[in-house]
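# Notes for the structure review
This is what each chain is made of:
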Amino acid sequence: MAFINPTKAALQHARARVLLVGSGRMGHIRAKALYSNPRFEFCGIVDSNVKAAGTLSEIYRAPTFESLTKAIAQHDNCIDGIVISTPTPTHQPLITEAASHGISIFTEKPVDETSAKTSALFKICSDATKDKDIDAKVHLCCGFQRRFDPSYLSLYNQIKSDSIGTPLTASIFFGDHPVPSREFLLQGGGNIISDCSAHDVDYIRWVLGDEVESVYASGTSSDEELKETGVIDNATMVMKFKKGTVVTLTLSRGANYGYDQRCEIFGSKGLASVKNISEDASELSNEFGTHRPKWAHSFPQRFEMAFGQELDAFADTLLLGKEWPVKEKDCVAVQKVCDAALESCVNGNVVYLDTQ
């Protein structure tokens, strides 16, 4: 099968021709961003769940396909990129197939379930690249949306410009909202360290420009049913970085007042932070006090702009050949920190990471 040069294909069509794989919750978010971005030609939705894909198809007028193989063939192998929004265990065959056709990949985190599997997939894409000229590079792009959020990006720039001096400590809070269904928590999606810590771990590594040296984590279950099934829905991670910064990450499934996402970094010359964003900017003051709206409902609302900027950066990669900012070493490092936190939760000890 012919290997299509994605850069030339993109230039030929004036827009990047992209397929979306997955029509679940993240699929809906990605479909909206792809459809609204004029730099993409939204070529189709791939999902074995024909009914779910059909719902998205009606909204965004994109054809549906039961498999990636059929979708690529239908477009005569002239696809520039795919966006994978499916469960992690499905990533490996999708990434492998796309790379074999010279198609670049954007995928939700994590790339795969372990650091070894993640590295293997990056090698598959690198090897596909080496088979062809430099213009045909197969990019593997993992999504960590905090890097693209205006508030988190502003905080990054403040730290990098030495506005607070040397970072000494950081406190991060992740409060999920709404509380996931009991079914979700009990059927494998419940461990909050596995499911929710990666974005903040990636962000704080990026901001500090440093690696985690050790991790201590402890978690609790908010009721007996969760405890009996081993589901942790509240946890705290303490990460010690090589340069000395100590970072506390607190995670909870139960922020019933709204989606609570905060990051505060204390340094030798000052303090910088990311605050919450409300549902709207209204405020009422009367005899009973001052009243403001709840925080943003959940992650689709809080990070809507970041999700859009993230895919626009993917367009830069497809159309302009720009390198994706999240590298293999970042994906592997984040996975190792999360794995160490899970280990610490089980054995109650500090876990030291190999940071060589």
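Now for a look at the structure at hand. From a predicted model like this one, the values you see are computed outputs, not experimental measurements. (Residues numbered from 1 in each chain as written. Predicted model: local features only at pLDDT ≥ 70, side-chain atom pairs only at ≥ 80, totals over all residues. Heavy atoms only, no water.)

## Structural notes on unusual backbone geometry
Just so we agree on the cut-off: Each helix is a run of DSSP H or I of at least 4 residues and each strand a run of E of at least 2, with the numbering of both proceeding from the N terminus.
Looking along the chain, the bond that leaves K109 and enters P110 is cis, with omega of -15°. When you line up the elements, P110 lands in the loop between strand 5 (104-108) and helix 6 (115-130). With an omega dihedral of -10°, the bond running from H177 to P178 counts as a cis peptide bond. On the secondary structure map, P178 appears in the loop between strand 7 (167-175) and helix 8 (182-189). The phi dihedral of D76 is positive, around 55°, even though this residue is not glycine.

## A closer look at the sheet that holds strand 9 (residues 234-241)
Within a sheet, adjacent strands bond to each other through the backbone by hydrogen bonds, running parallel or antiparallel. We apply this condition: Any two strands with at least two DSSP-identified bridges between them are counted as paired. By definition, residues are in contact when any of their heavy atoms lie within 4.5 Å. Comment: axis = line fitted to C-alpha atoms, over the contacting stretch for helices; angle = value between 0 and 180 degrees taken between N-to-C directions.
Taken together, seven strands build an open sheet; the order of strands is 12-11-7-10-9-8-15 and the sheet is mixed. Since the sheet does not close on itself, it has two edges, and those belong to strand 12 (271-274) and strand 15 (351-352), each with one partner. Pairing analysis gives eight bridges linking strand 7 to strand 11 (residues 260-267), with the strands arranged antiparallel. By the bridge assignment, S171 is partnered in strand 11 with E264. Of the strands in this sheet, strand 7, strand 11 and strand 12 touch helix 7 (residues 150-160), which is tilted by about 165° from strand 12.

## Points about the environment of S151
Tracing the backbone shows S151 in helix 7. For the pair S151 and L284, spaced 133 residues apart in the sequence, the C-alpha separation amounts to 25 Å. Beyond its immediate stretch of four places on either side in the chain, S151 contacts V274 and R302.

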